[in-house]
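Per-entry structural report
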Amino acid sequence: MPTPFRKSLLVFSLVLALPGLAGPAQAQPAPTTVTVARPLRQPVTEWDEHIARFEPSARVEVRARVSGQIEQVHFRDGQIVQAGDLLFTIDRRPFEIAVEIARAEVARNQARLDLAEQETARILPLIASRTAPQAQLDARRSAQREAAATLAASQAELRNAELELAWTEVRAPNAGRASDRRVDAGNLVRQNEALLTTILSLDPIYAVFDMSEADHLRLARQVRNGSRPSDREPGNPVQLRLTDEQDWERRGRMDFLDNALDPRTGTVRARALVSNPDLFLTPGGFARLRLWAGETEALLVPDAAVVADQAARMVLTVDPDGTVVPKPVALGPVVEGLRVVRSGLSPEDRIVIAGLHRARPGSKVTAELGRIDPEIARLAQLR
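Note that the structure is predicted; figures quoted are calculated from it, not measured.

Considerations on the layout of surface pockets
Considered as a void within the structure, the second largest pocket measures approximately 170 Å³ in volume. Taken together, Val 60, Glu 61, Val 62, Arg 63, Arg 65, Ala 166, Trp 167, Glu 169, Val 170, Arg 171 and Pro 173 make up the full set of residues lining the second largest pocket. At the level of secondary structure, the elements contributing two or more residues to the lining of the second largest pocket comprise β2 (40–63) and β6 (169–171). Looking at the lining of the second largest pocket, the element that brings in the most residues is β2, giving four residues.

Here it is in structure tokens:
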């Protein structure tokens, strides 16, 4: 039988062989620390952003209105022209001859009318004394009316000839920048067929963009409830910036909203009128455009606090017990560096604004209270 000493030695050996059973319980890892803050609630001016392309406010194709030979070109390719500036001269001599012929025809018909009036005047006393029959008076008056009609026709021919003579001087119908000349002096051109040049009006200039159906419906509902004027009436403000600009310094006004959605793209065409006194904005160029979407009381969060799911956008919030809870949100535009949250959050929610990579939905965290600073967000957006 084993002695008491051997029994004690055996128990000690078993304890050494099973340290996990005899040692202290392993400590649980401490919750990670994240910074949380409540959404910033304040009135904001909402702007919807779009990509706009510039188009001229007027595009005029200058064509010859009479046939003839180009005698002289009076402008430089690409020149800024004013309404009424002389652009081309067509050989005037055939049209001057036509005017002289028309004037001679007017003079001849005027003489015929004078004669008819005199003959009518001479026969009136004979008719009164019953010396001449009434039929002669009727014939003289008919000849007088015929002569008057012939004179009127010849006078119209004269005005037409004078008009065609004036059209030999091809003038700019509107102010703008002319394209290059399509014909040189010495070429023959045909009436209403020959394109001489094109003039684009650049001040003001159009900024054309496509509005999605969702944006169109949202703005249309604001118009219905009276919180915003319709874009079909000129006046709603827009702001623009070019691709190499940081500030929204360029201004314009809504000018047009199309009457139907394009079924292929699900968008509706819209247009703003933008002042361009220095002619710096060029047709065919692009710009970012912000359309005024009204004034509203909104919840704002940092754009970096928004995470992407497969089908939606969400923010991570922390419950009072430290549990991370994701909340799907509907987002609006960025205003002064902060993202507008249209729905999905309440003013009392604590959202994770720092340490986002350490927060996992359903996990426990330690929440440190922070603050959303609009000035820091605005500076971060500029960078």
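Quick look at the environment of Arg 342
Here Arg 342 lies in strand β17 (residues 338–343). Residues within four places of Arg 342 in sequence aside, it is in contact with Glu 46, Asp 48, Arg 218, Ala 330, Leu 331, Gly 332 and Pro 333.

Description of the pairing of strand β13 (residues 286–302)
Across a regular strand the side chains alternate sides, sitting on one face of the sheet and then on the other. When β2 meets β13, the two strands line up antiparallel, connected through 14 bridges. Looking at the pairing, Trp 47 lines up with Trp 292 of β13. Pairing analysis gives five bridges linking strand β10 (residues 237–242) to β13, with the strands arranged antiparallel. Looking at β13, one finds that Arg 241 is bridged to Arg 288. Where β13 meets β17, four bridges bridge the pair, whose relative direction is antiparallel. Directly across from Val 301, in β17, lies its bridge partner Arg 339.

Details of the pattern of salt bridges
Under the defined criterion, the tally for this structure stands at 25 salt bridges. Where Lys 327 meets Asp 349, a salt bridge forms, and the shortest distance between an N and an O atom there is 2.9 Å. Taken together, the positions of Lys 327 in strand β16 (residues 324–335) and Asp 349 in the loop between β17 and β18 (351–354) put the pair 22 residues apart, joining distant regions of the chain. Owing to a relative accessible area of 11%, Asp 349 belongs among the buried residues under this scheme. Through salt bridges that share partners, Arg 92, Glu 96, Glu 169 and Arg 171 make up one connected network.

Digging into the sheet that holds strand β5 (residues 86–90)
One open sheet accounts for four strands, arranged β6-β5-β3-β8; its pairing is antiparallel. Of all strands in the sheet, those bounded by a partner on one side alone are β6 and β8 (188–189). One ladder, built from three bridges, connects β5 with β6; its direction is antiparallel. In the strand pairing of β6, Phe 88 is matched with Val 170.

Re the packing of aromatic side chains
If you walk through the whole model with that rule in mind, you get one aromatic pair. Residues Phe 75 and Phe 88 carry aromatic rings whose centres are separated by 5.4 Å and whose planes lie at 75° to one another, so their mutual orientation is edge-to-face. Residue Phe 75 is found in the loop between β3 (68–73) and β4 (80–81), and its partner Phe 88 is found in strand β5; the two are separated by 13 residues along the sequence. With respect to burial, Phe 75 and Phe 88 carry one shared label: buried.

Concerning the environment of Asp 215
Along the chain, the position of Asp 215 falls in helix α5 (residues 213–224). The spatial distance from the C-alpha of Asp 215 to the C-alpha of Ala 293 is 9.5 Å, given a sequence separation of 78 residues. Excluding anything up to four places from it in sequence, Asp 215 contacts Asp 48 and His 50. Here Arg 218 takes part through its side chain, which lies 3.0 Å from a polar atom of the side chain of Asp 215.

Some remarks on the confidence of the model for the chain
Per-residue pLDDT for the chain has a mean of 86; in total, 90% of the residues score no lower than 70. Note that pLDDT drops below 50 for residues 4–25; the model gives that stretch two contacts with residues more than four away or on any other chain.

Observations concerning helix α3 (residues 93–128)
In this model, α3 (36 residues) spans 54 Å end to end at C-alpha, consistent with the 52 Å of a helix rising 1.5 Å per residue. Here α3 has its buried residues at Phe 95, Val 99, Ala 102, Val 106, Asn 109, Leu 113, Ala 116, Thr 120, Ile 123 and Ile 127. Turning to α3, the residues buried within the fold contact α4 (134–166). Arg 130 sits one or two residues past α3 and shows a positive phi near 60°.

Description of unusual backbone geometry
Residue Pro 204 follows Asp 203 across a cis peptide bond; omega there is 0°. Within the secondary structure, Pro 204 is located in strand β9 (residues 195–212). Backbone geometry places Asn 192, a non-glycine residue, at a positive phi of 65°. In this fold, Asn 192 is placed in the loop between β8 and β9. Residues other than glycine seldom take positive phi values, yet Leu 279 does so here, at roughly 60°. Within the secondary structure, Leu 279 is located in the loop between β12 (267–274) and β13.

Some words on the side chain of Ser 154
Its location among the elements puts Ser 154 in helix α4. Judged by relative accessible area, Ser 154 falls into the buried class, the value being 4%. Engagement of the side chain of Ser 154 in a polar contact is seen with the side chain of Asn 109, the distance being 3.2 Å. Look past the residues within four positions of Ser 154 in its chain and what remains in contact with it is Ala 102, Glu 105, Val 106 and Asn 109.

Reading the values: the criteria
Residues numbered from 1 in each chain as written. Predicted model: local features only at pLDDT ≥ 70, side-chain atom pairs only at ≥ 80, totals over all residues. Heavy atoms only, no water. 1 Å grid on protein atoms, 1.4 Å probe; cavity = no way out; pocket = protein on both sides within 12 Å on 5 of 7 lines; lining within 4 Å. Points joined across faces, edges and corners; volume = space filled by probe spheres on them. Helix = DSSP H or I, 4+ residues; strand = E, 2+ residues; numbered from the N terminus. Contact = heavy atoms within 4.5 Å. Pairing = 2+ DSSP bridges. Salt bridge = Lys/Arg side-chain N within 4 Å of Asp/Glu carboxyl O. Buried < 20%, exposed > 50% of the residue type's maximum accessible area, 1.4 Å probe, protein only. Phe/Tyr/Trp six-rings, centres within 6.5 Å; stacked < 30°, edge-to-face > 60°. Polar contact = N/O pair within 3.5 Å; in protein donor to acceptor, adjacent residues only side chain to side chain. pLDDT = per-residue confidence, 0-100. Expected span 1.5 Å × (residues − 1).

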